[in-house]
Amino acid sequence: MCIRDSGFGFRCGFLGLLHMEIIQERLRREFDMDVISTYPSVIYEVTKTDGEELIIDNPTYLPEAQIIEEIREPIVRIFIMLPGEYIGDAMKLIMEKRGDLENTETIDEFRVLLTATVPLADILVDFNDRLKSMTKGYGSMDYEHAGYRAANMVKMDMLIAAEPVEAFSTIVHRDKAVGRGRELAAKLKEVIPTQMFVVAIQAAIGGNIIARETISAMRKNVTAKCYGGDISRKRKLLEKQKKGKAKMKAFGKVNIPQDAFIKVLKSGD
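Residues numbered from 1 in each chain as written. Predicted model: local features only at pLDDT ≥ 70, side-chain atom pairs only at ≥ 80, totals over all residues. Heavy atoms only, no water.

**Side note on the nonpolar core**
With 27 residues, the main nonpolar core has Ile78, Ile80 and Ile94 as its most contacted residues. Elements with a minimum of two residues in this core: strand E4 (44–48), strand E5 (53–56), strand E6 (68–83), helix H2 (87–96), strand E8 (111–119) and helix H3 (127–134). In terms of residues, this core owes the most to one element, E6, which gives 6 residues. Excluding residues within four positions of it along the chain, isoleucine 94 makes contact with Ile78, Ile80, Gly99, Asp100, Leu101, Leu114, Ala116, Val118 and Phe127. (Core = buried A, V, L, I, M, F, W, Y, C linked by side-chain atoms within 4.5 Å. Buried < 20%, exposed > 50% of the residue type's maximum accessible area, 1.4 Å probe, protein only. Helix = DSSP H or I, 4+ residues; strand = E, 2+ residues; numbered from the N terminus. Contact = heavy atoms within 4.5 Å.)

See below:
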């Protein structure tokens, strides 16, 4: 995870989402710090069409797709120790994370050791939490770096009211981009408060919108005090409200709650 302050950032590791939430809460209570977290990222190796080699650790610095020759993502070899009864669920989780199962070894009559290679980016957020959950706490995991592998990666931006939100930008595999974009858009719709104007939440790859959710505008009955009389008065009030909302949409900004990031990460559990 990356925690930023005053435009500068530093990386720190957490033992799962609960640990991250506790650290952030202590920073707010004990040091009165406003913490802005960004989606966890890994270091990618990028080769441009002119032969230049780049090291990318932030989606913001990823070059345009038309000048990228190849993107290589870090791969890790993971070792999962768990009771044999949960081996099916663990293998399903590995496949979901684009992993390849290399070896299955029986340790004793109760325990099994799984060895697999998985992209590092896919195990950062919820892999360990889900493993613990599905094995009722009996599963454990260790991993080691296993080099880099070329992959079809793209940068996905999240736009809220047509404005990109850097905290939710991420580099994802193209095959999983649409599903991930829909998931993020749906969860952001749940955590962003209703505004006085319609708010569009969009996932985009370059100029292509791959997912969208819409937060309806907050409704206020401006004709509540109009009892009887000419219908034209109500129409004027409704037309005035419509113009006001259009102006808000053009100039208004959406305030994203500070805890929205953690809520979105937790939604994957």
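Anyway, onward from the coordinates.
**Observations concerning the pattern of salt bridges**
Evaluated as defined, the whole model comprises 18 salt bridges. Between arginine 29 and glutamate 25 there is a salt bridge, and its shortest N-O distance comes to 2.9 Å. Within this pair, arginine 29 and its partner glutamate 25 are both found in helix H1 (residues 17–31), separated by 4 residues, close to a single helical turn. For the salt bridge of glutamate 96 with arginine 130, the shortest nitrogen-to-oxygen distance reads 2.8 Å. Placement of the pair is glutamate 96 in helix H2 and arginine 130 in helix H3, with a sequence separation of 34 residues. Glutamate 96 gets classed as partly exposed once you look at its relative accessible area, which sits at 34%. A relative accessible area of 21% places arginine 130 in the partly exposed class. Each member of the salt-bridge network shares a partner with another, and the members are Glu45, Glu53, Glu70 and Arg72. (Salt bridge = Lys/Arg side-chain N within 4 Å of Asp/Glu carboxyl O.)

**Points about the pairing of strand E10 (residues 153–160)**
Of all the 8 residues making up E10, 7 are buried; the element is thus mostly covered by neighbouring parts of the structure. Relative to strand E12 (residues 170–173), E10 runs antiparallel, the two being bridged by 4 bridges. Note on E12: the bridge partner recorded for methionine 153 is histidine 173. Bridging between E10 and strand E13 (residues 199–205) involves 4 bridges; their strand directions are antiparallel. Residue pairing across strands places leucine 159 opposite glutamine 202, the latter belonging to E13. The pairing of E10 with strand E11 (residues 163–164) spans 2 bridges and is classified as antiparallel. The residue of E11 that forms the bridge with isoleucine 160 is glutamate 163. Two successive antiparallel strands, E10 and E11, enclose a turn made up of 2 residues, where alanine 161 displays a positive phi of approximately 55°. (Pairing = 2+ DSSP bridges.)

**Regarding the packing of H2 against H3**
At a minimum axis distance of 10 Å, the contact between H2 and H3 shows a crossing angle of 160°. In terms of orientation, H2 and H3 fall into the roughly antiparallel class. The hand of the H2/H3 crossing is right-handed. Touching Asp89, Ala90, Leu93, Ile94 and Glu96 of H2 are Phe127, Arg130, Leu131 and Met134, all from H3. Counted by class, the contact of H2 with H3 contains 6 nonpolar, no polar and 3 charged residues. (Axes fitted to C-alpha atoms, helices over the stretch in contact; angles between N-to-C directions. Parallel < 35°, antiparallel > 145°, perpendicular 65-115°, else oblique. Left-handed = near helix turned anticlockwise from the far one by under 90°. Nonpolar A, V, L, I, M, F, W, Y, C, P; charged D, E, K, R; others polar.)

**Regarding the confidence of the model for the chain**
Mean pLDDT over the chain works out to 80, with 74% of the residues at or above the 70 mark. The least confident element of the chain, judged by mean pLDDT, is strand E1 (residues 2–5) at 45; the most confident is E8 at 94. A low-confidence stretch, residues 1–6 (pLDDT under 50), is modelled with 27 contacts involving residues beyond four sequence positions or located in other chains. In this model residues 247–252 is a low-confidence stretch, pLDDT under 50, and it forms 6 contacts with partners more than four residues away in sequence or in other chains. (pLDDT = per-residue confidence, 0-100.)

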